[in-house]
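Breakdown of the fold
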Amino acid sequence: MYLNVRMPSKPDRPTVGDADDGHGSIGDPSYDPSKNVQDLIRGVKSPKYKTRHVFCEMDLLKGRGEALEWRECARWVKYEEVVEEGGKRWSKPHVASLSLHHMLEFRKAFQESAFLVDQECYSLSQAVDKFIESWVEKGQLNPMKRQYLKNVMLINHRHRHEKGRPEDKRKNQLGSEASLNKVNSAISLSSHFGSELSLESMDSDQASTKKLNERFLRKIPKGAEACNIMVGELEDLDVGLVGFMRLNDARELGGISEVPLPTRFVIFVLGPKDSEVHLKEMGRCIATMMVDEIFREVAYKARSVGDIVAGVDEFMEQTTVLPPGEWDPKIRLEPPTKVPSQEMRKTDSMADLMKRKHGDDDSHDNHDDPDLLMSCRPLAGLFADIKRKIPFYASDFKDAIHIQCLPATLFIFLATLTNNVTFGALLGQGTGNYMGVMECVFAGAVSSIVFALFAGQPLNILGSTGPMLVLEQIIFDLCKDNGWDFLSIRFWVGIWTTAMLLFMVVFNLSALVRYLTRFTEESFACLIALIFIVEAFKKLAEIADDQPMRLHADENVVYFPHCYCAPNTTTNGSTTTMATTTLAAGVTTTTMGPLVIDGVSFANATKDNCQSVMAGLWDCSNQYIPDVFLMSCILFFVTFGIALFLVRFRNWPCFPTFVRQIIGDFAILIAILVCVGIDVAVGIPTPKLTVPSEFKPTLSEERGWLVEPIKSGNPWWLYLAAGLPALLATILIFMDQQITAVIVNRAEHKLVKGKGYHLDLLVVAILVAVHSLLGLPWYVAATVNAIAHVNSLKKESECTAPGEKPTFLGCREQRVTALFVGILSAAAVFITNVLQVIPMPVLYGVFFYMGWSALGGMQFIDRLLLVFMPVKYQPDYIYLRHVPLWRVHLYTFIQMLCLAGLWVVKSIKSISIVFPLLVVFTGVVRKIIECIFTQKELMYIDGLLPGKTPDDHKKTDSTTPDDDVEPVKSVENGKNGKASFFLQDEHSDNGRNTYINSGFDTKL
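On to the overall build of the protein. Assigned secondary structure in the protein consists of 34 helices and 19 strands. Counting only residues that meet the buried cut, the protein has 51% of its 1004 residues in that class. Of the contacts formed within the protein by residues at least 6 apart in sequence, a portion of 78% connects residues at least 24 apart. Of the roughly 46600 Å² of accessible surface on the protein, a fraction of 59% belongs to carbon and sulfur atoms.

Together, Val 904, Ile 908, Ile 911, Val 914 and Leu 917 make up a nonpolar patch on the protein surface, roughly 360 Å² of accessible area in all. Tracing the backbone shows Ile 908 in the loop between α32 (885-907) and α33 (915-928).

At a minimum axis distance of 8 Å, the contact between helix α18 (residues 518-546) and α33 shows a crossing angle of 145°. Our pair here, α18 against α33, has a crossing hand that is right-handed. For the pair α18 and α33, contact is made by Phe 519, Thr 520, Phe 524 and Leu 527 and by Phe 915, Val 919, Thr 922, Gly 923, Val 925 and Arg 926, respectively. The class makeup of the residues in the contact of α18 with α33 is six nonpolar, three polar and one charged.

Turning our eyes to something else, we now look at the pattern of salt bridges. This model, assessed by the stated rule, comprises 41 salt bridges. The salt bridge partner of Arg 75 is Glu 81, with a shortest N-O separation of 3.3 Å. The residues Arg 75 and Glu 81 share a single accessibility class, namely buried. For Arg 251, the salt bridge goes to Asp 249, with nearest N and O atoms at 3.9 Å.

As a further point, take unusual backbone geometry. Positive phi values are uncommon outside glycine, yet Asp 274 reaches one of about 65°. Among the secondary structure elements, Asp 274 is positioned in the loop between β9 (263-271) and α8 (276-290). Here Leu 379, not a glycine, exhibits a phi torsion of approximately 65°, which is positive. Looking at the secondary structure, you find Leu 379 in the loop between α11 (350-357) and α12 (380-389).

Our next topic: the pairing of strand β8 (residues 241-251). Regular strands show a simple pattern: their side chains alternate between the two faces of the sheet. Of all the eleven residues making up β8, nine are buried; the element is thus mostly covered by neighbouring parts of the structure. Bridging between β8 and β9 involves seven bridges; their strand directions are antiparallel. Within the sheet, the bridge partner assigned to Met 245 lies in β9 and is Val 266.

Judged by nonpolar contacts, the single largest core of 128 residues is most densely connected at Phe 411, Leu 417, Phe 486, Leu 689, Leu 835, Met 850 and Phe 915. With 50 residues, the next largest nonpolar core counts Phe 244, Val 298, Ile 308 and Val 312 among its residues.

With the rule as written, the count across this model stands at 37 aromatic pairs. Between the aromatic rings of Phe 265 and Tyr 300, the centroid separation amounts to 5.0 Å while the plane-to-plane angle is 90°, which identifies the pairing as edge-to-face. With a gap of 35 residues between them, Phe 265 in strand β9 and Tyr 300 in helix α9 (residues 293-301) connect regions that are remote in the sequence. Neither Phe 265 nor Tyr 300 differs from the other in exposure class; each is buried. Summarising the aromatic geometry, the rings of Phe 442 and Trp 705 are spaced 5.1 Å apart at their centres and angled 75° between planes, so their arrangement reads as edge-to-face. Linking Phe 442 in helix α15 (residues 437-454) with Trp 705 in the loop between α22 (667-682) and α23 (718-721), this pair joins segments that are 263 residues apart in sequence. Among the aromatic residues, those joined into a ring-pair cluster are Phe 106, Phe 110, Phe 115, Phe 244, Phe 265 and Tyr 300. Geometry around Trp 778 places Arg 490 over its ring, the cationic atom sitting 4.3 Å from the centre. Across from the ring centre of Phe 808, 5.4 Å away, lies the NZ or CZ of Lys 794, which sits over that ring.

Burial runs high along strand β5 (residues 114-119): five of the six residues are buried. When β5 meets β8, the two strands line up parallel, connected through five bridges. Bridge assignment links Ala 114 to a residue of β8, and that residue is Gly 243.

Topologically, Ser 488 is positioned in helix α17 (residues 486-506). Within the local environment of Ser 488, its side chain forms a polar contact with the side chain of Asn 714, the two groups lying 3.3 Å apart. For Ser 488, the contacting residues outside a window of four places in its chain are Val 707, Glu 708, Pro 709, Ile 710, Lys 711, Asn 714 and Tyr 719.

Turning to helix α10 (residues 305-317), a few remarks are in order. Its 13 residues place the ends of α10 18 Å apart at the C-alpha level, agreeing with the 18 Å of an ideal helix rising 1.5 Å per residue. With twelve of 13 residues buried, α10 is to be regarded as a mostly interior element. Those residues of α10 not exposed but buried are Val 305, Asp 307, Ile 308, Val 309, Ala 310, Gly 311, Val 312, Asp 313, Glu 314, Phe 315, Met 316 and Glu 317.

Here the focus is the packing of helix α14 (residues 405-430) against helix α26 (residues 783-792). At their nearest, the axes of α14 and α26 sit 10 Å apart, and the two run at 170° to each other. The pairing of α14 with α26 is recorded here as roughly antiparallel in orientation. Considering only the axes of α14 and α26, their crossing is right-handed. When α14 is examined against α26, the residues Ala 408, Phe 411, Ile 412, Thr 416 and Asn 419 are found in contact with a partner set consisting of Asn 785, Ala 788, His 789 and Ser 792. Residue composition of the contact of α14 with α26, by class: four nonpolar, five polar and no charged.

The share of residues in the protein with pLDDT of 70 or more is 77%, and the mean pLDDT across the chain is 79. Every residue in residues 165-205 is under pLDDT 50, and counting partners more than four places away or in other chains gives 74 contacts.

Criteria and cut-off values
- Residues numbered from 1 in each chain as written.
- Predicted model: local features only at pLDDT ≥ 70, side-chain atom pairs only at ≥ 80, totals over all residues.
- Heavy atoms only, no water.
- Helix = DSSP H or I, 4+ residues; strand = E, 2+ residues; numbered from the N terminus.
- Buried < 20%, exposed > 50% of the residue type's maximum accessible area, 1.4 Å probe, protein only.
- Contact = heavy atoms within 4.5 Å.
- Areas by Shrake-Rupley, 256 points an atom, 1.4 Å probe, with all protein chains shown as cover.
- Patch = residues over 30% accessible without salt bridge, like charges linked within 9 Å, V, L, I, M, F, W, Y side chains within 5 Å.
- Salt bridge = Lys/Arg side-chain N within 4 Å of Asp/Glu carboxyl O.
- Axes fitted to C-alpha atoms, helices over the stretch in contact; angles between N-to-C directions.
- Left-handed = near helix turned anticlockwise from the far one by under 90°.
- Nonpolar A, V, L, I, M, F, W, Y, C, P; charged D, E, K, R; others polar.
- Pairing = 2+ DSSP bridges.
- Core = buried A, V, L, I, M, F, W, Y, C linked by side-chain atoms within 4.5 Å.
- Phe/Tyr/Trp six-rings, centres within 6.5 Å; stacked < 30°, edge-to-face > 60°.
- Lys NZ or Arg CZ within 6 Å of the ring centre and 35° of its normal.
- Polar contact = N/O pair within 3.5 Å; in protein donor to acceptor, adjacent residues only side chain to side chain.
- Expected span 1.5 Å × (residues − 1).
- Parallel < 35°, antiparallel > 145°, perpendicular 65-115°, else oblique.
- pLDDT = per-residue confidence, 0-100.

As structure tokens, then:
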């Protein structure tokens, strides 16, 4: 390979990979380092060469007083840390930035190195002997310098955590005979460092007296092994010496590592005087490659120098070069939030690697879910769900043994209880109290317990929805206007609904959710999230109706903060006066009576003198308490703010990881407890959560817990006509349930226990029948509650390696949290004394947080923000690389229209009955827009429908700039899909003149 790069301040690049070196050259068409590496990784299967994590430590030969020592200067677990001499501390972990020049220098030097693998060494002294012997055999070291070099290589090692070790005095005495010209100079040949015997005894003694860094060991993955790299300049060396040794078994070699880990690799990089910087950079290159996932595996399995060289070449092929004029090498690169998997480097061709590297990977998920295949066999989907979930049933309970499940349970319980109380109040108004708060709380308990025990996806949370409330009100109004019994008719609607849902389960119709793409999912989920947010603010505003704020106070208005004394209109023996009094809430009353009696005015009268002296009436009917609404607003926003802050606190740099994890898990609970404490401390009587204290129906004088299916006042044909509203209820329940299930089961949640769409629908169908018999509201999967449940159970990796960001591992899939939510809901009647201290504004703030968090991460919201964002500030979303911006805005506008339509239909009571049909219509709109957008564009913005491919129905009028570019034809020497990186003198671009800079070419 020729790189026409001019390096003005550095010597000419070395020529590496000549024909006589015995190794392949990147310029050779037959040499494919990626293939060589893949063959090596796949070919060596012996357990002896099992790859482990590697801790790399680089020690630099430095002077200390009148002696020399190997001083630790850098270390790698995953990212580089260097000792900052000025600050006397370790630097912040950062991505290592390597010089291409030193990478090439190391590649050349390694081919001439002492390459020793599977060596049996029990001490560093034995390893040093083998290195020296190899260098002498290769003619790289004068035999006269054997003992001198060994003395240097066996000098004590000093690590950053060691301060003032007692053995320093002994070490100085051993080195007192040495003559040092300067601190960084090497030992002269005339120095006497003691005999070989004394050095070996010092080697073993050092291991027994060293104090190792046990604390840092916790940050290293278990089972890791050490790689020790020693770099130093020596006056009496004429050429550089590089040695690589892999021990047959990892062993402790005299405490040369900072941490108590066995050493598997020993590497020496030595050079002549004034080469320290150059040698140190080569050592950094080696250490960085050793912590690379693929090169590390090559190092464990290499059988020859050629295998290591191929590993270096493969590493360089994956390396991105930053131009020198556009980047400062002194800048320390922050570790990325997410690191792509390196598994593709073990299997793919180089062309595929480069395609993925530059973001051109077309392997996007479509909706061909293998768990949702249509089948002609009845109940095939249900049996598949049961077969898939049975192996995980026991683990669904064992996996809940974790502290994270406790706050998740309490958070979802309070959220569902508040929702049930709020929904029950509205339902009581809409159904004449035939179903109220008690029925909703009871329905929530039954639904949660049954669904948690038997459902296919227990992370779903069943709850009430606005469209179901509208349907209940329509059925009640129809029965009331015609004199029919409401609960009896509703029972038959529920039975018809159950039958239709069972029909869907039997004939595997849940597979139709494959056609619900991100377009429909996010439109529906965004609607539900917005409903939560809007309703939270509405409920907060309703507090102002009862306790308004006193704005622009009028001096002519008498504000009564509490009860007041009102004149009695039937006073005898006194002069009466008509008095018009304006009260605090704006209520004007006209009373007849004396305003002043015995020098006491009614405005200043107390309860005692009002009745005894004034002969008035102590009136509390227009009681006004100031600051209730203002305090409610404070509690509302403080709850939301604390919850949002503490959830994001996981990613703060303060405090240890486990502390941040616990605080983040208990974020909602902490927010609620803090605001309840504030409310109690202030003492302002804000509205409190009210839960029924007796287990009985709301309208207990007219109904019981069992519904009579047949009533004498209902005509027989109603039991058949009930199928019509049941059809709408079926569509609504199916769409609500399955859209929420699709959102929960998204690939980004990394669920591993499988899905259960058919089993979920069966459980919901049975619950509809049970609730119809008990006269309870029908509950389905609540989108926002389910998303909040999933978010509260997310797992992140424990940050072991310094600088490594937590990675999302998936969700804690279990049934216990939903089960205990149902149990606590059932016990809510018995803990009313505890629940009634919770202010409703606090729970409204939780509602606001749930809606807000549900909107987070939606691509629709991201695309909506792009409309208001200048191009230069837009994030690098993958779809912006492949779809023109104006077409992204067009797609967002169409989705916005669908969302607005859903909101309008939901809000208008007279037409809200068709809301389920409009949700289905959004799927039709998604199909229609395929006439506007190409499949490739939809693949990046949304997702492909089943059976579609990116190449289907290409449109010539909507080509992207990439479509006009001809594909690069493979060059003559590119084989096996391998990319070609040759800028040779012979190459010309269609006959145009090519600049030749052969004097500065670097040939690999």
